[in-house]
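Close look at the chain arrangement
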Amino acid sequence: MTKKPFFITTPIYYVNDAPHLGSAYTTIAADVLSRHYRGQNTPVLFVTGTDEHGKKIADSAAAKNQKEHIFVDAVSKQFKATWAALNIHYDTFIRTTDEVHIKNVQNQFELLKEKDLLYKGTYEGLYCVSCEEYKQPDDLMEGGLCLIHRRKVEEIKENVWFFKLSGFATTLKKLIEEGTLVIEPERRRNETLGWLKEGLRDLAVSRSKVKWGIPLPWDKAQTIYVWADALLNYHTARAQAWPPDVQIIGKDILRFHAIIWPALLLGLGLNLPKKIFAHGFFTVAGHKMTKTLKNVVDPVALCKKYGVDTLRYFLLREFPFGDDGDFSEEKLQQRYKNDLQHDLGNLVQRVLTMEEKYTVKIEPGIAPRCAQAELHTERLEFDKALIEIWNLVRGANELIDREKPWVLSQTDPHKLATVLKTLHRMLETIGAGLEPYLPETASRIKALLAGGRSAEPLFPPLK
RNA sequence: CGCGGGGUGGAGAAGUGGAAUCUCGGCAGGCUCAUAACCUGCAGACCGUCGGUUCGAAUCCGACCCCCGCACCCA
């Protein structure tokens, strides 16, 4: 019997623009987790992808004078290229324009209808004819003017299909409280329970005015609401791994994943994901990262400048996954200089140099694992896992200073060999522990320890 | 209004009843195997405010002040 793969998902990313640091953050975290499990010989299903329907995307395509499918092909490709640049090893890349996904969404909607969970109702809202979309009262200027077009929004009604979300509040609350559906960090769980306590409203799950989307099978004039379409991607990708073990999301989309998504699954009679983990957000040099501020950070550019592993390290080390934090290139450089270049890079260099200089030959061994780090990784405490590994790095540096191999080489060759062997093993442990986080560095360390030479230091000084 | 989170040395954080910890930065010293790296030590916080519980509170309780997020745009 084959073991059910450990099923990890990221959200599928909306392709109305190129990938940015935030999507990279989520995806790197998922990659680290899946590399960790693969390293334990646990089969993994790691799914990511792109969300390609909806009016915003039709608009973005139109702005470029492109057909929708041409546009989404291009951006989706860009996401794949970004993940390749970031060393992300996913198993499945789902696109919501995939034929198999469209079929699946339509089938699931048929099923919801059969189960009497959909009904036709009236959606009312403030509509801007120029934007062709509904506005929230908060999004409007005084006098009910659309911010973008400065024209008065209209109160309109349309007939759409509703999902009976309201009926699931009690069940969801129970499932979350008893821990069947785990939501982490705890504050996000509390937040979700708070929403449930306030009660749920039924959800409009079709749109009569959005053309670029999946048609409702029985009412082809309407398309399926993009979030319902998008959430079902996880089910399309399921393989033999249902349900997901961990679904990593950003805190902004908690409501969709902690409420709408499980309600849909309950409605469909499917098992719920075991855990939903909502991570925090970056500010950029203290400011919210938004397109209007033009401070959106391009992860690929950072990789080119500092190396993939530097970016992966910084993002996961700088602050706890789940908390908010701040990104700045200065901070990234600090981390590079202190942690990677000086602590780790220099340590590897000095140990290898001593082995060579004092002609001590050390056979490759089986490195003890860093169990503490692994435990933290499984809890998605990536920063703590890295701190554990760096405690080993620091420990090795301290050991060198304490034992003074350069003295031992004159006085006690036997002890010298023992000390260098200990250090060598420590580096093996460090290298292995780093594999999920810094895969490139880990394999370079491994090669160096096995006797390979390299002219290029692990982390050269920044220019 | 309400709900959720948060306010700890110059900066960023850990710490949920019992000698205030870590990293960066600053200062001083040591070492020479090493990528001007590494190691050691020092200075620096009355833990948002006020009040309470307790032998004892950053940690529990109450009030208040300030910051951030909150339903179909967004990792």
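Model, not experiment: these values are computed from the prediction. Numbering of residues starts from 1 in each chain and follows the order in which that chain's sequence is written. Each chain gets a letter, beginning with A, and each ligand a number, beginning with 1, in the order they are written. Where local features are concerned, this predicted model is filtered to residues with pLDDT of at least 70; where side-chain atom pairs are given and counted, the filter is 80 or more; whole-chain, interface and lining totals use all residues. Only hydrogens and water are set aside when side-chain values are computed; all heavy atoms of the structure are taken into account.

What follows covers the protein's contact with RNA strand B. Whether a residue is near a molecule or strand depends on its heavy atoms: it is near if one of them lies within 4 Å of it. Taken together, 46 residues form the shell around RNA strand B, and within it Tyr225, Arg255, Asn346, Arg350 and Trp406 come nearest. When atoms of RNA strand B within 4 Å of the protein are split into backbone and base, the sugar-phosphate part holds 64%. N or O atoms within 3.5 Å of each other form a polar contact, as long as, within protein, one can give a hydrogen and the other can take it, and as long as residues adjacent in sequence are counted only when both atoms are side-chain atoms. One of the backbone nitrogen or oxygen atoms of glycine 345 is found 3.0 Å away from a base oxygen of RNA strand B. With respect to RNA strand B, the side chain of tyrosine 358 contributes an N or O atom lying 3.4 Å from a sugar or linking oxygen. Here the element with the most residues in the surface near RNA strand B is helix α12 (residues 329-357); it accounts for 12 residues. A run of H or I in DSSP becomes a helix once it reaches four residues, and a run of E becomes a strand once it reaches two; helices and strands are each numbered from the N terminus.

Once that is clear, we can look at the domain arrangement of chain A. The assigned domain composition of chain A is domain 1 (6-288) and domain 2 (329-449). Segment limits for the domains were obtained from an automatic or database-derived domain assignment. Each of domain 1 and domain 2 was reduced to a C-alpha centroid, and the two centroids are 42 Å apart. Any two residues whose heavy atoms approach within 4.5 Å are treated as being in contact. Facing the 13 residues of domain 1 at the interface are 12 residues of domain 2. Buried area between domain 1 and domain 2, summed over both chains or domains, comes out near 1100 Å², and the portion from carbon and sulfur atoms is 61%. Simply put, the buried area is the total loss of 1.4 Å probe accessible area from both parts when two parts are fitted together. Three residues stand out in domain 1 for area buried against domain 2, namely Val32, Arg35 and His36, and they jointly supply 45% of the buried area on that side. Between arginine 35 and glutamate 435 there is a salt bridge, with its nearest N and O atoms 3.3 Å apart. Top contributing element to the side of domain 1 that touches domain 2 by residue count: helix α1 (residues 21-39), with seven residues. The residue inventory of the side of domain 1 that touches domain 2, partitioned by class, reads seven nonpolar, four polar and two charged. A carboxyl oxygen of Asp or Glu within 4 Å of a side-chain nitrogen of Lys or Arg is what we treat as a salt bridge. Basically, the charged four are Asp, Glu, Lys and Arg, the nonpolar ten are Ala, Val, Leu, Ile, Met, Phe, Trp, Tyr, Cys and Pro, and anything else, Gly included, counts as polar.

With that settled, consider the nonpolar core. Within the largest apolar cluster, 85 residues are counted, with the highest numbers of intra-cluster contacts made by Leu86, Leu316, Phe321, Leu344, Trp390, Leu423 and Leu434. Leave out the neighbours within four places in its chain, and leucine 344 touches Asp339, Trp390, Val393, Ile430, Leu434, Thr441, Ile445 and Phe459. Remark: nonpolar core denotes a set of buried residues (Ala, Val, Leu, Ile, Met, Phe, Trp, Tyr, Cys) joined through side-chain atoms within 4.5 Å. Any residue under 20% of the maximum accessible area for its type is buried, any over 50% is exposed, and the rest in between are partly exposed; the area is computed with a 1.4 Å probe on protein chains only.

Summed over the entire model, instances satisfying the criterion amount to 27 salt bridges. The closest approach of N and O atoms between aspartate 401 and arginine 350, which form a salt bridge, is 3.3 Å. Highlighted residues: aspartate 401 in helix α14 (residues 382-403) and arginine 350 in helix α12, separated in sequence by 51 residues. For aspartate 401, a relative accessible area of 44% translates into the label partly exposed. One continuous salt-bridge network, built from bridges that share partners, spans Asp31, Arg35, Arg312 and Glu435.

So, on to the environment of valine 297. Take valine 297: it is sitting in the loop between β17 (287-288) and α10 (299-306). Linking valine 297 and phenylalanine 327, residues 30 residues apart in sequence, is a C-alpha distance of 9.2 Å.

On to the environment of histidine 424. Mapped onto the elements, histidine 424 comes out in helix α16 (residues 413-434). Taking the relative accessible area as the measure of exposure, histidine 424 reaches 0% and is therefore buried. Along the backbone, histidine 424 and alanine 367 are 57 residues apart, and their C-alpha atoms lie at a distance of 9.2 Å. When near neighbours in sequence (up to four residues on either side) are disregarded, histidine 424 contacts Glu355, Ile362 and Leu449.

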